[in-house]
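# A look at the structure
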Amino acid sequence: MSHAGEAVLAYVFDAYGTLLDVHGAMRRHAALLPPDWERISAEWRAKQLEYTWVRSLTGPAHHRDFLQLTREALDWICDRHGIADPAVRAALLDSYRRLPAYPEVPGMLRALRGRGLRTAILSNGEPSMLNDAVQAAGIASLLDAVLSVEEVGVFKPDPRVYALASQRLGLAPGRMMFVSSNAWDAQAAAAAGFQVAWCNRAGLPDEYGLSAAATVIPDLAALAAPAASAAPAE
């Protein structure tokens, strides 16, 4: 559902893959990894997300936090690709807690706040790893809230996750713009009533009808312009 005509009062961002470059951990240690580390990093990310969905679908008793699932996914990937050195595994996991922000992120957040808009993160990450991430990326002071799915004990795209933004910011979903680079995340936010911006960095084909239901942007710098706060198309 779109909310054409309603002014956006807050921007709510996915963290991993949207504000933070999830491939930064392996890039930092590329010299210690096989030459196809980029493919391995993409597999790590895919396995990490798979684990969140499986844990959510199998019920509350099976919930584990995102840090644990990130570690389990890394162990699986390392076993698959013969990365046996425990020191390398430890370095990769530590680096995942301190991923780099995409270059345009600090300036974009400052621009939004300069227009009087509130900014927040709504993430699968558990609180300590999110705190480490925003501190390392230098964006902690540019956020009004950092919200973790651990408050509800289930991962995206469960609707209870997206409800956290309204509960914390005191705004109806239609007065917030949810921003994600993950099409499935953007679709879920749209279903929850948010205005949505899909950050399609890789120029991927349309999914879930997002080209009609969301504002599609090539990177986050596009949000810095005042026109970016317009509602998505019907």
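Definitions and cut-offs
Residues numbered from 1 in each chain as written. Predicted model: local features only at pLDDT ≥ 70, side-chain atom pairs only at ≥ 80, totals over all residues. Heavy atoms only, no water. Axes fitted to C-alpha atoms, helices over the stretch in contact; angles between N-to-C directions. Helix = DSSP H or I, 4+ residues; strand = E, 2+ residues; numbered from the N terminus. Left-handed = near helix turned anticlockwise from the far one by under 90°. Contact = heavy atoms within 4.5 Å. Nonpolar A, V, L, I, M, F, W, Y, C, P; charged D, E, K, R; others polar. Buried < 20%, exposed > 50% of the residue type's maximum accessible area, 1.4 Å probe, protein only. Pairing = 2+ DSSP bridges. Right-handed = clockwise from strand over helix to strand, strands pointing away. Salt bridge = Lys/Arg side-chain N within 4 Å of Asp/Glu carboxyl O.

### Here's the deal with the packing of helix H3 (residues 66–81) against helix H4 (residues 86–96)
Two elements in contact, H3 and H4, have axes separated by 11 Å at closest approach and are oriented at 140°. Of the two elements, H3 crosses H4, and the hand of that crossing is right-handed. For the pair H3 and H4, contact is made by Leu 67, Thr 70, Arg 71, Leu 74, Asp 75, Cys 78 and Asp 79 and by Arg 89, Leu 92, Leu 93 and Tyr 96, respectively. When the residues that make up the contact of H3 with H4 are grouped by side-chain class, the tally is 6 nonpolar, 1 polar and 4 charged.

### Details of the pairing of strand E2 (residues 118–123)
Taken residue by residue, a regular strand's side chains alternate between the two faces of the sheet. Counting buried residues in E2 gives 5 out of 6 residues, a clear majority hidden from the surface. Two elements, strand E1 (residues 10–13) and E2, share 4 bridges in a ladder whose sense is parallel. From the neighbouring strand, Val 12 faces E2, where its bridge partner is Ala 120. In this fold, E2 hands off to helix H6 (residues 127–137), which returns the chain to strand E3 (residues 145–148); that crossover is right-handed.

### A word on the environment of Gly 153
Summarising the element assignment, Gly 153 is placed in the loop between E3 and helix H7 (159–169). Along the sequence, Gly 153 and Val 134 sit 19 residues apart, while their C-alpha atoms lie 21 Å from each other.

### Side note on the sheet that holds E1
Spatially, the 6 strands line up as an open sheet ordered E3-E2-E1-E4-E5-E6, and their pairing is parallel. Only two strands of the sheet have a single neighbouring strand rather than two, namely E3 and strand E6 (215–217). Put simply, the sheet's adjacent strands are angled 20° from each other on average, direction ignored. Summarising the sheet, E1 and strand E4 (residues 176–180) pair through 4 bridges and their orientation is parallel. Looking at the pairing, Phe 13 lines up with Val 179 of E4. Most of the contacts of H6 go to E3, to which it runs at about 145°, and overall it touches E2 and E3.

### Considering the environment of Met 26
Examined against the element boundaries, Met 26 turns out to sit in helix H1 (residues 24–28). Take Met 26: its relative accessible area is 1%, and that puts it in the buried class. In this structure, the C-alpha to C-alpha distance between Met 26 and Pro 205, residues 179 residues apart in sequence, is 26 Å. Not counting residues up to four positions away in its chain, the partners in contact with Met 26 are Leu 33, Trp 37, Ile 40, Ser 41, Trp 44, Leu 74 and Leu 92.

### Quick word on the pattern of salt bridges
In the structure shown here, the tally under the stated rule is 15 salt bridges. When the shortest N-O distance is used, the salt bridge between Lys 156 and Asp 14 registers 3.0 Å. With Lys 156 in the loop between E3 and H7 and Asp 14 in the loop between E1 and H1, this pair connects stretches of sequence that are 142 residues apart. Taken individually, Lys 156 and Asp 14 each receive the classification buried, so the pair is uniform in this respect. Notably, a salt bridge pairs Asp 144 with Arg 113, separated by 3.2 Å at the nearest N-O pair. Linking Asp 144 in the loop between H6 and E3 with Arg 113 in helix H5 (residues 105–114), this pair joins segments that are 31 residues apart in sequence. What emerges from the salt-bridge pattern is a single network uniting Asp 36, Arg 39, Glu 43 and Arg 80.

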